[in-house]
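Architecture at a glance
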Amino acid sequence: MPSLFDSPSLVFTSAILLRAILFFYGLYQDAHSAMKYTDIDYIVFTDAAKFIAHGRSPYDRATYRYTPLLAWLLVPTVWGGGFWFAFGKVLFALSDIVAGWFILRVLRQHFRMDTPRALKYASIWLLNPMVATISTRGSSEGLLGVMVIALLWAVLERRITLAGALLGLGVHFKIYPFIYAPSIIWLLNERDQGTSPSDHSLKEALTHRLRTFINPSRIRLTLVSLAVFSILNVAMYAIYGLPFMQHTYLHHLTRVDHRHNFSPYNMLLYLSSSAAAQASSGASSGFNIESLAFIPQLSLSAVLIPLALAKKDLAGTMLAQTFAFVTFNKVCTSQYFLWYLIFLPLYLPYSSFTARPLLGMTALALWVAAQALWLHQGYRLEFLGLSVFTPCLVLASLVFFAVNIWILGIVIADVGRCGDGMAGVSDTQGKQGGVKKTGARK
């Protein structure tokens, strides 16, 4: 009997059907239930699009904290009710599908997998109910997912200019993809240009290392990404002025979101938000320790993990970076989980979680159970009005954090043991731009 995974068309049709069912169910729930299916963020997006359609700034909509490009993309939502209002949900769901197509290409071309096996792993994204639900509720994370997985594909395909453009666009769209730049740059070695002679001076040795590090591939990637990022920012600033900088970038340095926040900083943010309210009436809020959350977060995700792992496996490194970034972020919501789930199909083929099924099932069960524990406390707080901040909500946040740290440790260990070329690249240089494919289609 033919398997679902024997045919790409069957898998992608199933993925589209899954999203279609959730999409129409969402329309029904929105029309008949007090608890809406549509994410509040989607209302913010579409309101911003209305302002743009009427020649105003998207930042006239309170709490719009995104690039104007997103609001521009959603202008069709103001053309009418019904389908047109849901245009953005369709766009985000289709983005999931395109991201799944890139995942399949990487698995087939760079992991040298046959089609059925590659489809099984790609289905972790394509047929994942969590991914489909988040997109059809109106979260824009699917758009970013396409940019990030296309960036990985472009690097593996030695398309350095395209990779630079995607990196610049991704960082403009949402800041966090900048953490991938160190990994990609570290990976882009040129051909062996000789070792530094031992009889030369320290100055000559350092000069030689610097000369071999600064190569055409790294220069091109850096210049293209900076150019795209700068052009987009200058254009948006020219149109929308300081509100663009404030709401798109600067806001994230001082944000104190505590609702639906799994982070262990949740309680500190709640107290800081209260202190901020007091400060507005003349009281001093004092020093907030959560403002230093970026130190362990960026040290791990943007420095230590890239240096240790990037030349082992780029896809696995990007997973570990993203997992660390989300885990240590002072704001951690369910949508952020998609940032690292998109790399999961590229990591699981050699992971301990698949080699040892009991470990994999335990990790999944603990990850889900820790979320459920937190959500239960959040429900008691927000819907039942019970004061469960301490110790219940604090302990739930710490349990979820501990589970994620344990999983991150396993991921890092797996990528560290991974052989060179596992993700289709090696630390030796190809003839065209610094990456060498080891598993191209024959």
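Note: the structure precedes this text.
Remember, it's a predicted structure, so these values are computed and weren't measured experimentally.

**Considering the packing of aromatic side chains**
Under the definition given, this model contains 32 aromatic pairs. Between Tyr176 and Tyr180, the ring centres sit 6.1 Å apart and the planes meet at 75 degrees, which makes this aromatic pair edge-to-face. A centroid spacing of 5.7 Å and a plane angle of 45 degrees characterise the contact between Phe262 and Phe337, whose relative ring orientation is tilted. Separated by 75 residues along the polypeptide, Phe262 in the loop between helix H12 (242–254) and helix H13 (266–280) and Phe337 in helix H16 (residues 337–341) bring together distant segments of the chain. As far as burial versus exposure is concerned, Phe262 and Phe337 are alike and both buried. Three or more aromatic residues link up through ring pairs in this structure, and these residues are Tyr42, Phe45, Tyr59, Tyr64, Tyr66, Phe85, Phe92 and Tyr240. A cation over a ring is seen here: Lys89 above Tyr42, with NZ or CZ 5.6 Å from the ring centre.

**Some points on helix H14 (residues 294–309)**
Taking 1.5 Å as the rise per residue, H14 with 16 residues should run 22 Å; its terminal C-alpha atoms sit 21 Å apart, in good agreement. Residues of H14 that are buried include every one of Gln297, Ser301, Ala302, Ile305, Pro306 and Leu309, and no others. Where H14 is buried, its residues meet helix H9 (180–187), helix H15 (314–328) and helix H20 (389–417).

**A few points about the packing of helix H1 (residues 8–32) against helix H5 (residues 115–126)**
It is at 10 Å that the axes of H1 and H5 come closest, and there the two elements cross at 10 degrees. The orientation of H1 relative to H5 falls into the category roughly parallel. Of the residues in H5, those touching H1 at Pro8, Val11, Phe12, Ala15, Leu18 and Arg19 are Thr115, Leu119, Ser123, Trp125 and Leu126. For the contact of H1 with H5, a count of residues per class yields eight nonpolar, two polar and one charged.

**Brief notes about the pattern of salt bridges**
Scanning the entire structure with this criterion turns up eight salt bridges. Two residues, Asp96 and Arg19, come together in a salt bridge whose shortest N-O distance is 3.3 Å. Of the two residues, Asp96 sits in helix H4 (residues 87–110) while Arg19 sits in helix H1, which places them 77 residues apart along the sequence. Across the salt bridge formed by Lys89 and Asp30, the nearest N and O atoms sit 3.8 Å from each other. Here Lys89, found in helix H4, pairs with Asp30, found in helix H1; they are 59 residues apart in sequence, far enough to count as distant.

**Section: the environment of Phe173**
Following the sequence through the fold, Phe173 ends up in helix H8 (residues 160–173). On a C-alpha basis, the gap between Phe173 and Leu69 in space is 7.7 Å, while along the polypeptide they are 104 residues apart.

**A word on the side chain of Ser301**
Here Ser301 lies in helix H14. A residue is classified by how much of its surface remains accessible, and Ser301, at 0% relative accessible area, is buried. A polar contact of 2.8 Å, which involves the side chain of Ser301, links it to the backbone oxygen of Gln297. Apart from residues lying up to four places away in sequence, Ser301 is in contact with Ile179, Pro306, Gln321, Ala324 and Phe325.

**Here's the deal with H4**
Here H4 contains 24 residues, and its C-alpha end-to-end distance of 34 Å stays within 8% of the 34 Å for a straight helix at 1.5 Å per residue. Arg112 sits one or two residues past H4 and shows a positive phi near 55 degrees.

How each quantity is defined
Residues numbered from 1 in each chain as written. Predicted model: local features only at pLDDT ≥ 70, side-chain atom pairs only at ≥ 80, totals over all residues. Heavy atoms only, no water. Phe/Tyr/Trp six-rings, centres within 6.5 Å; stacked < 30°, edge-to-face > 60°. Helix = DSSP H or I, 4+ residues; strand = E, 2+ residues; numbered from the N terminus. Buried < 20%, exposed > 50% of the residue type's maximum accessible area, 1.4 Å probe, protein only. Lys NZ or Arg CZ within 6 Å of the ring centre and 35° of its normal. Expected span 1.5 Å × (residues − 1). Contact = heavy atoms within 4.5 Å. Axes fitted to C-alpha atoms, helices over the stretch in contact; angles between N-to-C directions. Parallel < 35°, antiparallel > 145°, perpendicular 65-115°, else oblique. Nonpolar A, V, L, I, M, F, W, Y, C, P; charged D, E, K, R; others polar. Salt bridge = Lys/Arg side-chain N within 4 Å of Asp/Glu carboxyl O. Polar contact = N/O pair within 3.5 Å; in protein donor to acceptor, adjacent residues only side chain to side chain.

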